[in-house]
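Structural description and commentary
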Amino acid sequence: MSLALIIDDEVDLCRLMQMTLKKMGIESKVAYDYATGVSHLQTYNFDFCLTDLKLPDGTGLDIVKFISKNYAKTPVAVITAHGSMDLAIEALKLGAFDFVNKPLELSRLRQLVENALKVAENANKLNCKEVYDPFSNRLIGQSNAIAQLKTTIQKLARSQAPVFLWGESGTGKEVVAKLIHDLSPRCSANFVPVNCGAIPSELMESEFFGHKKGSFTGATADKEGLFQQANGGTLFLDEVADLPISMQVKLLRAIQEKKIRPIGSAQEIAVDVRLLSATHKNLAKLVETGEFRQDLYYRINVIEVKLPSLNERRDDILLLANHFISLIAEDWGLSQPLTLSNEAAVQLANHHFAGNVRELRNILERAITLADDNVIEAHHLNLPLSAANVPPETIETPNQSILSTPSQPSAPKVAPLAEPKSAASSPINTSYSSNLFASGYKVKPNIQLTPTPTQSNHEALTHESLTLDAPIGGINAPNLAQPSAEEGQLPAEGLEEYLMNQERKVIIAALNCSGWNRTQAAKLLNTTFRSLRYRMKKLGIDSGSDINSDSDSDED
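Values in this document were obtained by computation on a predicted structure and should not be read as measured data.

1. Observations regarding the overall build of the protein
- Of regular secondary structure, the protein possesses 21 helices and 18 strands.
- For the protein, restricting intrachain contacts to residue pairs at least 6 apart in sequence, the fraction spanning at least 24 positions comes to 70%.
- Of the roughly 27,100 Å² that the protein leaves accessible, carbon and sulfur atoms contribute 49%.

This is the structure in structure tokens:
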């Protein structure tokens, strides 16, 4: 039979809780002050503890600290008539798994006890990893960063505190959120993930809170919102930084009051939801610039977890690669087991993964497709020659301006547009602009990919000759190569088609230089990512050829 500890100076409430626990088949011990509670903890082995916030000789927070330090596997909840959101956040940070305000309804008490027993049960399962390993085939890695992350996930699963996950795109934020849910007392309820950037702003309130039939044009039936779908479980807000300000206000109220009002409804609905959120953006900086509400930031950022990039845990690259190879072979129904050659393994281990784990899987899927037999060779990976020299994509953190991989070099500086030199010594031109295309200059890339004995890999990447022929109509431009006689003639296909062809050639040349990484190509062309994406779509350049993740894309 389970044993509970009740610490409260109200005798009547203690008796009520004892009677309720008795009906649930749970024995209990009562302490009316801090000292007696500590004495009981040292004498008995409790399955969980319920403590009041204010005690005659201490506080419930002192009990939480004592249990977290000496009996970490014992879940503890704080019950108080003097509650506030700030006190709740402090208690959850100290290790309490829940925080409940008085008066305590019996239904809420039963739910609290059931959650406490589930926390204790999950803790016992985690102690027997031979029987139950929650991270098996889900969070792959043996590096120190992953070992620390696994420990953090187990601690967070015990709590009901909101968690904020941040890290580069492709680091597995949703995987971690799902693990926190699966190891928590809420595991039997729904885990509802939602990408905040994928919902149109005009539909956002209906998606989150639901609506009643006839509340607006097109509302032909009642609809449950995401909060109702996640009731009793976990709501995961991915890319929370993309929420519009108007929705942030409404979300803040739902978190604080734990109630929602569907569109068209006259009554609020109580919801019990644990909130997890994530983004790859610097949320603290968005607060400073006024793009994200400060009060909402502190509500969702009770506990912050930084996810390591793949470049920060290189010891796990080959382990992940073998895991993905097995998964892909199983998904594709391949009969023969696939292996990496030594050269391919070395290239993967030294590659800079701008897209992290997502990019690694994409590379392996392509390599398996190109492989002639059951051995994946280095050329099947089709990694760009510049892989070791492309600077890591940086992400600003709440505590520092820029986070970069320590072992990577700083971003190489590229020379501005100058008079063309020979192909062996002229740096790549990054001064392209719309004026260049509009003027009709013909750009002919002459890319040198093979380094000479005296060149470094970086020099081989950047040493590119860009010959610009004279513009149509004989307009002269300074510092540009002079045209030949035949190339100065009017284009047969017409001006518009001619300019589009030249623009297409320049964009493809930049994409080839960057290994089809559109973010890097946009930088080489001195334009924005969105502008490049628009031009590629307009010119019919297939973006599906990308072999590197675009860090500025909308996907996480």
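2. Points about the pattern of salt bridges
- Applying the stated rule across the entire model yields 19 salt bridges.
- A salt bridge links K102 to D52; its shortest N-O distance comes to 3.6 Å. Of this pair, K102 sits in the loop between β7 (98-101) and α5 (106-126) while D52 sits in strand β3 (residues 48-52); the two residues are 50 residues apart in sequence, bridging distant segments of the chain.
- Between E312 and K306 there is a salt bridge; the shortest N-O distance is 2.6 Å.
- Linked by salt bridges that have partners in common, D8, E10, D52 and K102 make up one network.

3. So, the pairing of strand β2 (residues 26-31)
- Across six bridges, strand β1 (residues 2-7) lies against β2 in parallel orientation. Within the sheet, the bridge partner assigned to I6 lies in β2 and is V30.
- The parallel pair β1 and β2, bridged by helix α1 (residues 11-23), forms a crossover whose chirality is right-handed.

4. Concerning unusual backbone geometry
- Although it is not a glycine, N137 adopts a positive phi angle of roughly 60 degrees.
- As for its placement among the helices and strands, N137 is situated in the loop between α5 and α6 (144-158).
- A relative accessible area of 58% places N137 in the exposed class.

5. Quick notes on helix α15 (residues 356-370)
- Its 15 residues place the ends of α15 22 Å apart at the C-alpha level, agreeing with the 21 Å of an ideal helix rising 1.5 Å per residue.
- Looking at α15, one finds that the buried residues are N356, V357, E359, L360, I363, L364, R366, A367 and I368.
- Those residues of α15 that are buried are in contact with α13 (317-332), β15 (339-340), α14 (342-350), β16 (375-376) and α16 (378-381).

6. Section: the packing of aromatic side chains
- Taken as a whole and judged by the stated rule, the model has seven aromatic pairs.
- With a centroid separation of 6.0 Å and 50 degrees between ring planes, the pair formed by F66 and Y71 is classed as tilted.
- Their ring planes at 70 degrees and their centres at 5.2 Å tell us that Y297 and Y298 sit as a pair that is edge-to-face.
- When its relative accessible area of 47% is taken as the criterion, Y298 is described as partly exposed.
- Joined through ring pairs, the aromatic side chains of F208, F209 and F227 make up one cluster.

7. Observations concerning the nonpolar core
- Judged by nonpolar contacts, the single largest core of 34 residues is most densely connected at F208, F227, L235, L237, L283 and F292.
- Elements supplying a minimum of two residues to this core: β8 (163-166), β9 (191-195), α8 (204-209), α9 (226-229), β10 (234-238), α10 (245-257), α11 (283-288) and α12 (294-300).
- If one sorts the elements of this core by residue count, α10 sits on top with five residues.
- Ignoring anything within four residues of it in the chain, the contact list for F292 reads V240, A241, I245, Q248, L283, L286, V287, Y297 and I300.

8. A word on the sheet that holds β10
- Here we have five strands laid out as an open sheet, ordered β9-β10-β13-β8-β14, and parallel in their pairing. Two strands in the sheet have a free side with no partner beyond their single neighbour: β9 and β14 (303-306). Between one strand axis and the next, the sheet turns by 20 degrees as a mean value, whatever way the strands run.
- Note that β8 and strand β13 (residues 274-279) share four bridges and pair parallel. Paired with L165 across the two strands is A278, which belongs to β13.

9. Focus: the side chain of R274
- Among the secondary structure elements, R274 is positioned in strand β13.
- Within polar-contact distance, the side chain of R274 engages the backbone oxygen of S159 at 2.9 Å.
- Of the polar contacts made by the side chain of R274, one reaches the backbone oxygen of A161; its length is 2.9 Å.
- Those residues in contact with R274 that sit more than four places away from it in its chain are L156, A157, S159, Q160, A161, V163, I180, S184, R186, G233, T234 and L235.

10. With respect to helix α7 (residues 173-182)
- With seven of its ten residues buried, α7 lies for the most part within the structure.
- Three or more residues of α7 are buried, namely K173, V176, A177, L179, I180, H181 and D182.
- At its buried positions, α7 is contacted by α6, β8, β9, β10 and β13.

11. Thoughts on the sheet that holds β2
- Taken in spatial order, the five strands make up an open sheet running β2-β1-β3-β6-β7, and their pairing is parallel. Two strands in the sheet have a free side with no partner beyond their single neighbour: β2 and β7. Strand-to-strand twist in this sheet, taken as the mean axis angle between neighbours without regard to direction, amounts to 20 degrees.
- One ladder, built from four bridges, connects β3 with strand β6 (residues 76-80); its direction is parallel. Within β6, the position partnered with T51 by the bridge is V78.
- This element, helix α3 (residues 60-70), spans β1, β3 and β6 of the sheet and lies at about 155 degrees to β3.

12. Looking at the pairing of β3
- Summarising burial for β3: five of the five residues are buried, a large majority.
- Of the two faces of β3, the one holding F48, L50 and D52 and the one holding C49 and T51 are both buried throughout.
- As judged from the four bridges shared by β1 and β3, these two strands associate in the parallel manner. When the bridges of β3 are listed, I7 appears paired with T51.

13. Focus on the side chain of D316
- Structurally, D316 is set in the loop between β14 and α13.
- For D316, a relative accessible area of 1% gives the class buried.
- Sequence-distant contacts of D316, defined by excluding residues within four places in its chain, comprise G141, Q142, S143 and I146.

14. Focus on the packing of helix α2 (residues 34-43) against α3
- Interaxial distance between α2 and α3 falls to 11 Å at its minimum, and their mutual angle equals 20 degrees. Here α2 lies roughly parallel to α3, going by the angle between them. Regarding α2 and α3, the two cross each other, and that crossing is right-handed. For the pair α2 and α3, contact is made by Y34, V38, L41 and Q42 and by D62, I63, F66 and I67, respectively.

15. Focus on a negative patch on the surface
- On the surface, E343, D372, D373 and E377 cluster together into a patch of negative charge.
- Topologically, D372 is positioned in the loop between α15 and β16.

The rules behind each value
Residues numbered from 1 in each chain as written. Predicted model: local features only at pLDDT ≥ 70, side-chain atom pairs only at ≥ 80, totals over all residues. Heavy atoms only, no water. Helix = DSSP H or I, 4+ residues; strand = E, 2+ residues; numbered from the N terminus. Contact = heavy atoms within 4.5 Å. Areas by Shrake-Rupley, 256 points an atom, 1.4 Å probe, with all protein chains shown as cover. Salt bridge = Lys/Arg side-chain N within 4 Å of Asp/Glu carboxyl O. Pairing = 2+ DSSP bridges. Right-handed = clockwise from strand over helix to strand, strands pointing away. Buried < 20%, exposed > 50% of the residue type's maximum accessible area, 1.4 Å probe, protein only. Expected span 1.5 Å × (residues − 1). Phe/Tyr/Trp six-rings, centres within 6.5 Å; stacked < 30°, edge-to-face > 60°. Core = buried A, V, L, I, M, F, W, Y, C linked by side-chain atoms within 4.5 Å. Axes fitted to C-alpha atoms, helices over the stretch in contact; angles between N-to-C directions. Polar contact = N/O pair within 3.5 Å; in protein donor to acceptor, adjacent residues only side chain to side chain. Parallel < 35°, antiparallel > 145°, perpendicular 65-115°, else oblique. Left-handed = near helix turned anticlockwise from the far one by under 90°. Patch = residues over 30% accessible without salt bridge, like charges linked within 9 Å, V, L, I, M, F, W, Y side chains within 5 Å. Lys, Arg positive; Asp, Glu negative; His and termini not counted. Charge placed at Lys NZ, Arg CZ, Asp CG, Glu CD.

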